[in-house]
Amino acid sequence: MSKIFAGKYAVITGSARGILKDTAVCLAERGAAGIIISDLLYDAAVATAREIEQATGCKCYALKTDVSKPEDIEALFVFAMEKFGAVHILVNGAGVCPTTPLDEVDAAKWDFVQNINLRGAHLCCREAIRIMRKQKYGRIVNVASMSMRVGAIAASAAYAASKGGLAAVSKTYARVTAKDGITVNAIAPGLILTEMTKNNGYSTDGIPMGRLGEPRDISTVISFLASDDSRYMTGCTLDINGGMYMTA
């Protein structure tokens, strides 16, 4: 397999399990020199870091991070710079996907989702961009959702809003950093079977490919956007949904 990430260091939030764990595996298999496995689930993050390092030789560190806390995000990037001295890739994947009915989403529940899914990602982008501008190089990939296109199917309105906001602000990050050698793109996955979504009652009805997505269906696209193969793409949101939503 081509080592397209040789010499590159990555921070991946929410990467203890699921899509973002497989993203870390994918980058490590393709030569990444080091990855920070950032997650609130610290024990799982430690296990993932150990598993990836043993399998690929990529240097991995686990760090417990609550992205709803600005101080945790600042500490994450301090930690990354202490360990690696550079951050070439940021994948914003930390998030929550509640299934709260619309009439039960009060102010506190709304803010809980936004603070993790949207504000947390913004603050990670801000910290990463400060580093990447000095390097004159960076790749940022934000994990949005198909719910921004069609509305939430099983998730809450707050979730759809947070993911739509993330895709929208990605365009601003892309615009203001383009001359700094930084690209910022987003992805909008469809119905993907993970630990977080396995109880959401997903069905294959309406999916032309006839199956739910798997983490590797997403991680390879993230890998593309994190690589120099996508060097002339910025401000894009790529739909990955088995044909469930199509646009010109």
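Up top is the structure.
Per-chain numbering applies: the sequence of each chain, read as written, is numbered from 1 onward. Per-residue local features of the predicted model are confined to residues with pLDDT of at least 70, and side-chain atom pairs are confined, for both listing and counting, to 80 or more; whole-chain, interface and lining totals are unaffected and use all residues. Processing note: side-chain calculations cover all non-hydrogen atoms of the structure and skip hydrogens and water entirely.

Quick look at the overall build of the protein now. Within the protein, the regular secondary structure consists of 7 helices and 7 strands. Along the protein, helices and strands appear, N-terminal first, in the series β-α-β-α-β-α-β-α-β-α-α-β-α-β. The atom set for the radius of gyration is the C-alpha atoms, and the globule formula is 2.2 Å times the number of residues raised to the power 0.38. Taken against the 2.2 N^0.38 rule, which gives 18 Å for 248 residues, the C-alpha radius of gyration of the protein at 17 Å falls within 12% of a compact globule. Judged by the C-alpha coordinates and their principal axes, the protein covers about 45 × 40 × 40 Å. For the protein, restricting intrachain contacts to residue pairs at least 6 apart in sequence, the fraction spanning at least 24 positions comes to 73%. Each accessible area is a Shrake-Rupley result for a 1.4 Å probe, and residues are judged covered by the shown protein chains and nothing else. If you sum the accessible surface of the protein, you get close to 11200 Å²; carbon and sulfur atoms cover 53% of it. A run of H or I in DSSP becomes a helix once it reaches four residues, and a run of E becomes a strand once it reaches two; helices and strands are each numbered from the N terminus. By definition, residues are in contact when any of their heavy atoms lie within 4.5 Å.

Our focus in this paragraph is the environment of Ile116. Note on placement: Ile116 falls in helix α4 (residues 107-135). Along the sequence, Ile116 and Gly95 sit 21 residues apart, while their C-alpha atoms lie 5.8 Å from each other. In contact with Ile116, other than residues within four places in its own chain, are Val67, Ser68, Ala94, Gly95, Val96 and Ala121.

To continue, consider the environment of His88. Residue position: His88 is located in the loop between α3 (70-84) and β4 (89-92). Judged by relative accessible area, His88 falls into the buried class, the value being 14%. Considered as a pair, His88 and Glu74 are 14 residues apart in the sequence and their alpha carbons are 17 Å apart. Apart from the residues lying within four places of it in its own chain, the contact partners of His88 are Gly7, Lys8, Tyr9, Met132, Gln135, Tyr137, Gly138 and Arg139. Accessibility here uses a 1.4 Å probe with only protein chains present; expressed as a share of the type maximum, an area under 20% marks a residue as buried, one over 50% as exposed, and anything in between as partly exposed.

Below, the discussion takes up α3. Between the first and last residue of a helix there are one fewer steps than residues, each counted as 1.5 Å, and that sum is the expected span. Across its 15 residues, α3 extends 21 Å between first and last C-alpha, which sits within 8% of the 21 Å expected from 1.5 Å per residue. Against the buried residues of α3 lie β1 (9-13), β2 (34-39), β3 (59-64), β4 and α4. Gly85 occupies a position one or two residues after α3 and carries a positive phi of about 80°.

What follows is about the packing of aromatic side chains. Pairing of aromatic side chains requires ring centres within 6.5 Å, counting the rings of Phe and Tyr and the six-membered ring of Trp. Pairs whose planes differ by under 30 degrees are stacked, by over 60 edge-to-face, and all others tilted. Taken as a whole, this structure holds 3 aromatic pairs when the rule is applied. On the basis of an interplanar angle of 90° and a centroid distance of 6.0 Å, the ring pair of Tyr61 and Phe79 is categorised as edge-to-face. Of this pair, Tyr61 sits in strand β3 while Phe79 sits in helix α3, and the two are 18 residues apart along the sequence. Ring pairing ties together the aromatic residues Tyr9, Tyr61, Phe79 and Phe84, which thus form one cluster. The ring centre of Tyr137 lies 5.2 Å from the NZ or CZ of Lys8, which sits over that ring. Two thresholds decide whether a charge sits over a ring: the Lys NZ or Arg CZ must be within 6 Å of the ring centre and within 35 degrees of the ring normal.

Strands pair, by our definition, only if DSSP identifies at least two bridges between them. Judged by pairing direction, the sheet is parallel, and its 7 strands sit side by side in the order β3-β2-β1-β4-β5-β6-β7 without closing on themselves. On the outer flanks of this sheet lie β3 and β7 (237-240), each paired with one strand and no other. Across the sheet, the mean angle from the axis of one strand to that of its neighbour is 15°, orientation sign disregarded. Two strands pair when backbone bridges link them, and β1 and β2 are joined in this way by 5 bridges, in the parallel orientation. Axis angles are defined between N-to-C directions and span 0 to 180 degrees, where every axis is a line fitted to C-alpha atoms and, for a helix, only to the segment in contact.

Bridge analysis of β2 against β3 gives 6 bridges, and the strand direction is parallel. Considered in β3, the bridge of Ile37 is made with Ala62. At this point the chain moves from β2, through helix α2 (residues 42-56), to the parallel β3, and the crossover so formed is right-handed. When the strands point away from the viewer, a crossover counts as right-handed if the route from the first strand across the helix to the second turns clockwise.

The end-to-end C-alpha distance of helix α7 (residues 215-226), which contains 12 residues, comes to 16 Å, matching closely the 16 Å that a straight helix rising 1.5 Å per residue would cover. Listed in full, the buried residues belonging to α7 are Ile218, Ser219, Ile222, Ser223, Leu225 and Ala226. All buried residues of α7 lie within an arc of 165° about the axis, which places them on one face of the element. The reported arc concerns the directions from the helix axis to the C-beta atoms and nothing else.

A carboxyl oxygen of Asp or Glu within 4 Å of a side-chain nitrogen of Lys or Arg is what we treat as a salt bridge. Here the structure, examined in full by the defined rule, presents 12 salt bridges. With a closest N to O distance of 2.6 Å, Arg216 and Asp22 form a salt bridge. Here the residue Arg216 occupies a position in helix α7, and Asp22 occupies one in helix α1 (residues 18-29), the gap between them amounting to 194 residues. Judged by its relative accessible area of 16%, Asp22 is buried.

What follows is about the pairing of β1. Counting buried positions along β1 gives 4 out of 5 residues, so the element sits mostly inside the fold. A crossover links β1 with its parallel partner β2, the connecting element being α1, and its sense is right-handed. Strand direction decides the pairing type here: β1 and β4, joined by 3 bridges, are parallel. In the sheet register, Ala10 faces β4, and the bridge partner there is Ile89.

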